[in-house]
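# Residue-level structure breakdown
Listed below, chain by chain, are the residues.
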Amino acid sequence: DKWRVPQNEKTDFLEDMSDVVLSDVLVIHQLLRVLFPRFEPGKYIQTSNKNYDGRTTWQAIRDGESLKVRKYLEYMVFSGGW
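All chains use their own residue numbering, which begins from 1 and follows the written sequence. The model is predicted, so local features are restricted to residues of pLDDT at least 70 and side-chain atom pairs to those at 80 or more, both for listing and for counting; the totals for chains, interfaces and linings are taken over all residues. Hydrogen atoms and water are omitted, and side-chain values are computed over all heavy atoms in the structure.

## Regarding the overall build of the protein chain
Under the DSSP-based scheme used, a helix requires at least four consecutive residues in state H or I and a strand at least two consecutive residues in state E, with every element numbered from the N terminus. Within the protein chain, the secondary structure is distributed over five helices and zero strands. Secondary structure elements of the protein chain occur, N-terminal to C-terminal, as α-α-α-α-α. Computation of the radius of gyration draws on C-alpha atoms alone. For the globule rule, the value is 2.2 Å times the number of residues to the power 0.38. Radius of gyration (C-alpha) of the protein chain: 12 Å, near the 12 Å computed for a compact globule of 82 residues. Referenced to the eigenvectors of the C-alpha coordinate spread, the extents of the protein chain come out at roughly 35 × 25 × 25 Å. Note on classification: 1.4 Å probe, protein chains only; a residue is buried when its accessible area is under 20% of the maximum for its type, exposed when over 50%, partly exposed between these limits. Expressed as a percentage of the 82 residues in the protein chain, the buried residues total 33%. Of the roughly 5500 Å² of accessible surface on the protein chain, a fraction of 52% belongs to carbon and sulfur atoms. The charged-residue count follows a simple rule in which Lys and Arg add positive charge and Asp and Glu add negative charge, with His and chain termini not counted at all. Working definition for charges: the position is that of NZ of Lys, CZ of Arg, CG of Asp or CD of Glu. Within the protein chain, one finds 12 positive and 12 negative side-chain charges whose respective centroids are separated by 10 Å. The accessible surface values rely on the Shrake-Rupley method and a 1.4 Å probe; as for residues, cover is taken only from the protein chains in view.

Here it is as structure tokens:
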């Protein structure tokens, strides 16, 4: 709900989610809270991003690129320390 994902997309996504993707999504949410402590995660998730070819972060995750999103946010949080 905090990511402002439409109910039908959320239901479809959750039904087919693997353990790996679930892990990525949970880490993504945690990283967003670190990066933007006063900023609602939904604003970032639903904004177009050049790192995902102009798609929103949610679209990249939905399109199977949760690991790409996770790695990008890990880089942003840890300044490439991973």
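## Re the confidence of the model for the protein chain
In the predicted model, the protein chain carries a mean pLDDT of 88, and the fraction of residues at 70 or more is 96%. Mean pLDDT values over the elements of the protein chain span from 84, in helix α3 (residues 41-45), up to 94, in helix α4 (residues 57-62). Confidence scores here are pLDDT values: one per residue, from the predictor, ranging 0 to 100.

## Brief notes about the pattern of salt bridges
When a carboxyl oxygen of Asp or Glu lies within 4 Å of a side-chain nitrogen of Lys or Arg, that pair is called a salt bridge. Counted according to the given criterion, the structure contains eight salt bridges. As a salt-bridge pair, R55 and E65 come within 3.0 Å of each other at their nearest N and O atoms. A residue pair is termed long-range when its members are at least 10 positions apart, and R55 in the loop between α3 and α4 and E65 in the loop between α4 and α5 (66-78) qualify at 10 residues. When the shortest N-O distance is used, the salt bridge between R70 and E74 registers 3.1 Å. Here the residue R70 and the residue E74 both occupy positions in helix α5, the gap between them amounting to four residues, near one helical turn. Taken individually, R70 and E74 each receive the classification buried, so the pair is uniform in this respect.

## Some details on the nonpolar core
Joining through side-chain atoms within 4.5 Å is the link that ties buried Ala, Val, Leu, Ile, Met, Phe, Trp, Tyr and Cys residues into a set, and such a set is a nonpolar core. Counting 16 residues, the largest nonpolar core has W3, I28, I45, W58, I61, V69 and L73 as its most contacted members. Looking at this core, the elements that each hand over two or more residues are α2 (19-35), α3, α4 and α5. Sort the elements by how many residues they give to this core and α2 lands first, with five residues. Any pair of residues with heavy atoms lying within 4.5 Å of one another is described as a contacting pair. Apart from the residues lying within four places of it in its own chain, the contact partners of I45 are W3, L32, T56, T57, W58 and I61.

## Examining the packing of aromatic side chains
Any pair of Phe, Tyr and Trp rings, taking the six-membered ring for Trp, is counted once the centres come within 6.5 Å. Such a pair is stacked with planes under 30 degrees apart, edge-to-face with planes over 60 apart, and tilted for the rest. Inspection of every chain in the model, using the stated rule, returns three aromatic pairs. Their ring planes at 70° and their centres at 5.0 Å tell us that F13 and W58 sit as a pair that is edge-to-face. With F13 in helix α1 (residues 7-15) and W58 in helix α4, the pair connects residues that are 45 residues apart, well separated along the chain. This pair shows no difference in class: F13 is buried, exactly as W58 is. With centroids separated by 5.5 Å and ring planes inclined at 35°, the aromatic side chains of F36 and Y44 adopt a geometry described as tilted. The exposure class assigned to F36 is partly exposed, which follows from its relative accessible area of 27%. Take Y44: its relative accessible area is 12%, and that puts it in the buried class.

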